[in-house]
Amino acid sequence: MAMHPEPEAGLDALLSAQVWKRRVALWGGAVLVALSAILFARASDLAFQLFRRVVDASPWWALLLTPTMFALLAWLTTRGLEATRGSGIPQVIAGLRMAADERQHHLSLKVAAAKMAMTVAGLLGGASIGREGPTVHVGAGIMQALGRWLGFRDDHQARRFLLAGGAAGIAAAFNTPLAGVVFAIEELGGAFEHRFSGTLLTAVIVGGVVSLALLGNYTYFGRVHVLLPLRQAWLAVLLCGVVCGLAGGLFSRLLLASMDGKPRWLGVLRRRHPVLLAAGCGILLAGLGIAFGSGAFGTGYEQARGLVQGQATVGHEFGLVKFAANLVSYVAAIPGGLFSPALAVGAGLGHNLSVLMPDAPASALVLLGMCGYLAGVTQAPLTSAVIAMELTDSQDMLLAILATVLVARGASALLCPTPVYKALAQRLLPASPAGPAP
């Protein structure tokens with residue numbers, strides 16, 4: 001989406017009160033987004049820790065807690081909160097192309113607040129979801145509301161605030177400022193004007209600085225210092241890129257098919273009995289957790305961190321179990337994101353593939369599996385590569401990561417030609433066939 005050029009330039013832009021008002025609004029909004037992201041992260045962690053305490057006492061509690069919470073959230077989304085469903089990134093992408101009234105329906109402060117609360121509730125019920133996509137949704141909603149309050153109401157300005165809010169959200173959620181910029185360019189905006197790039201970059205930096213000041217300079221999955229010799233790297237890249245890319249494409253295709261009412265019985269159940277469908281998904285997820293362990297629940301962060309650090313706490317079934325758990329959670333059409341669970345699935349698949357290359361460092365295969373599967377799901381290779389490197393401080397693997405995500409993007413497109421976020425956003429636009437956002 002091309003944006004219009006900014007009218008001010010040179011000294012006039014430097015001295016313009018309106019330009020400085022917008023900049024201060026964007027930077028102040030970035031602070032609010034970062035604070036909200038930190039609060040959201042803490043609440044999410046506490047909620048899932050509480051769930052873990054309950055199921056650690058007896059895993060059979062999941063058969064009561066998980067279906068009940070899924071049913072409650074599904075019921076709430078049918079009571080005027082349909083816009084809270086799914087990750088929230090499709091809503092932001094669609095919002096960049098919507099008229100003001102329709103945009104407000106998907107990105108109001110009410111929706112943002114409900115999104116946070118319901119995602120936390122989902123993790124309290126053990127849902128296999130993440131908070132990063134919802135943080136993008138919340139960030140865009142906060143930034144849009146601030147812009148409207150300060151008088152920036154025209155479509156051009158509103159889109160700028162949405163773009164900056166979403167980028168600041170992903171940067172604060174992962175503590176990865178560079179990923180926020182790349183994500184805004186590659187996934188949210190597609191293209192954005194040259195003159196706005198500096199303002200956007202500054203907004204993301206402000207959000208990152210706030211996160212850094214309050215949480216410290218940490219890496220999400222810890223630092224990974226590993227090297228792959230060239231004779232091993234090319235095979236690892238092909239293996240992880242193809243396998244994880246195809247797996248990510250399969251996930252996206254299954255997800256989109258379920259949103260389109262396929263198979264037919266699922267579509268009928270979704271239309272007529274959405275709460276019952278969500279409860280059934282909760283039962284399936286609880287069954288996975290009871291049968292294969294608590295890794296089926298939540299974001300999968302602890303398990304993925306253990307795998308990438310070479311301290312595995314799960315077996316080789318983890319990747320496939322997490323794949324199924326994520327799909328079940330999204331079919332339920334409750335609020336929740338894709339990023340963290342996708343990284344967990346990729347880590348599990350990389351752990352499996354490491355068996356085929358016993359002479360290569362297992363952590364390297366896990367890292368390539370993470371970025372390959374994320375690129376396969378999102379079909380956003382640059383974002384996936386930058387996130388993987390910033391989350392693990394693994395610049396030594398730069399070339400292998402870049403090659404893996406490009407291979408994975410191509411493999412994924414064989415199964416799912418349209419990137420999942422774009423496809424879901426198209427379903428939200430008025431001219432597209434109506435369909436619920438996952």
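Everything here concerns the structure above.
Quick look at the structure, then. None of these values were measured; they are calculated from a predicted model.

Parameters at a glance
Residues numbered from 1 in each chain as written. Predicted model: local features only at pLDDT ≥ 70, side-chain atom pairs only at ≥ 80, totals over all residues. Heavy atoms only, no water. Helix = DSSP H or I, 4+ residues; strand = E, 2+ residues; numbered from the N terminus. Buried < 20%, exposed > 50% of the residue type's maximum accessible area, 1.4 Å probe, protein only. Areas by Shrake-Rupley, 256 points an atom, 1.4 Å probe, with all protein chains shown as cover. Axes fitted to C-alpha atoms, helices over the stretch in contact; angles between N-to-C directions. Parallel < 35°, antiparallel > 145°, perpendicular 65-115°, else oblique. Left-handed = near helix turned anticlockwise from the far one by under 90°. Contact = heavy atoms within 4.5 Å. Phe/Tyr/Trp six-rings, centres within 6.5 Å; stacked < 30°, edge-to-face > 60°. Polar contact = N/O pair within 3.5 Å; in protein donor to acceptor, adjacent residues only side chain to side chain. Core = buried A, V, L, I, M, F, W, Y, C linked by side-chain atoms within 4.5 Å. Patch = residues over 30% accessible without salt bridge, like charges linked within 9 Å, V, L, I, M, F, W, Y side chains within 5 Å. Salt bridge = Lys/Arg side-chain N within 4 Å of Asp/Glu carboxyl O.

1. Quick look at the overall build of the chain
And then number 1: On a plain count of helices and strands, the chain comes out with 20 helices and zero strands.
And then number 2: Considering the chain as a whole, with its 438 residues, one finds that 60% of them fall into the buried category.
And then number 3: If you sum the accessible surface of the chain, you get close to 16,900 Å²; carbon and sulfur atoms cover 66% of it.

2. Some words on the packing of helix H3 (residues 62–77) against helix H13 (residues 274–292)
The description of two helices packed together rests on the angle between their axes and the distance between the axes.
And then number 1: Close contact between H3 and H13 brings their axes to 7 Å; oriented N to C, the two are set at 150°. One element, H3, and the other, H13, form an angle in the roughly antiparallel class. Seen along the crossing, H3 lies across H13 with a hand that is right-handed. Facing Ala 62, Leu 63, Thr 66, Pro 67, Phe 70, Ala 71, Ala 74 and Trp 75 of H3, the residues of H13 in contact are Pro 274, Val 275, Ala 278, Ala 279, Cys 281, Gly 282, Ile 283, Leu 285, Ala 286 and Ile 290.

3. A word on the packing of aromatic side chains
To describe a pair of aromatic rings, one takes the distance between the centres and the angle between the planes.
And then number 1: This model, assessed by the stated rule, comprises six aromatic pairs.
And then number 2: Judged by centre distance (6.5 Å) and plane angle (65°), the rings of Phe 323 and Tyr 373 are edge-to-face. Within this pair, whereas Phe 323 is found in helix H15 (residues 318–331), its partner Tyr 373 is found in helix H17 (residues 362–378), the two being separated by 50 residues in sequence. In this structure, Phe 323 and Tyr 373 share a single accessibility class: buried.
And then number 3: Consider the rings of Phe 339 and Tyr 421, whose centres lie 6.4 Å apart with planes at 35°: the pair is tilted. Placement of Phe 339 in helix H16 (residues 339–353) and of Tyr 421 in helix H20 (residues 420–428) is noted, with a sequence separation of 82 residues between them. Accessibility assignment for this pair places Phe 339 and Tyr 421 in one class, buried.

4. So, the side chain of Ser 44
And then number 1: Along the chain, the position of Ser 44 falls in helix H2 (residues 17–57).
And then number 2: The exposure class of Ser 44 is buried, given its relative accessible area of 3%.
And then number 3: There is a polar contact of 2.8 Å between the side chain of Ser 44 and the backbone oxygen of Phe 40.

5. What about the side chain of Ser 252?
And then number 1: Residue placement: Ser 252 occurs in helix H11 (residues 230–259).
And then number 2: Ignoring sequence-local partners within four residues, the contact set of Ser 252 consists of Gly 376, Val 377, Cys 416 and Val 420.

6. Remarks on the nonpolar core
And then number 1: Phe 251, Phe 339, Leu 368 and Tyr 373 are the most contacted members of the largest nonpolar core, which totals 110 residues.
And then number 2: Leave out the neighbours within four places in its chain, and Tyr 373 touches Cys 244, Ala 247, Gly 248, Phe 251, Phe 323, Ala 342, Val 345, Gly 346 and Leu 349.
And then number 3: Ala 112, Met 143, Ala 164 and Val 206 belong to the second-largest nonpolar core, a separate cluster that totals 18 residues.

7. What about a nonpolar patch on the surface?
And then number 1: A contiguous nonpolar patch, built from Val 242, Val 243, Leu 246 and Leu 414 and spanning about 320 Å² of accessible area, is present on the exposed surface.
And then number 2: For the nonpolar patch, the leading source of residues is H11, giving three residues.
And then number 3: Turning to its location among the elements, Val 242 is positioned in helix H11.
And then number 4: Under the relative-accessibility criterion, Val 242 is labelled partly exposed at 36%.

8. Points about unusual backbone geometry
And then number 1: For the bond from Lys 262 to Pro 263, the omega torsion is -5°, close enough to zero to count as cis.
And then number 2: Turning to its location among the elements, Pro 263 is positioned in the loop between H11 and helix H12 (264–272).
And then number 3: Located in the positive-phi region is Gln 379, a residue other than glycine, with phi close to 55°.
And then number 4: For Gln 379, the position within the fold is in the loop between H17 and helix H18 (381–392).

Structural measurements only, silent on function.
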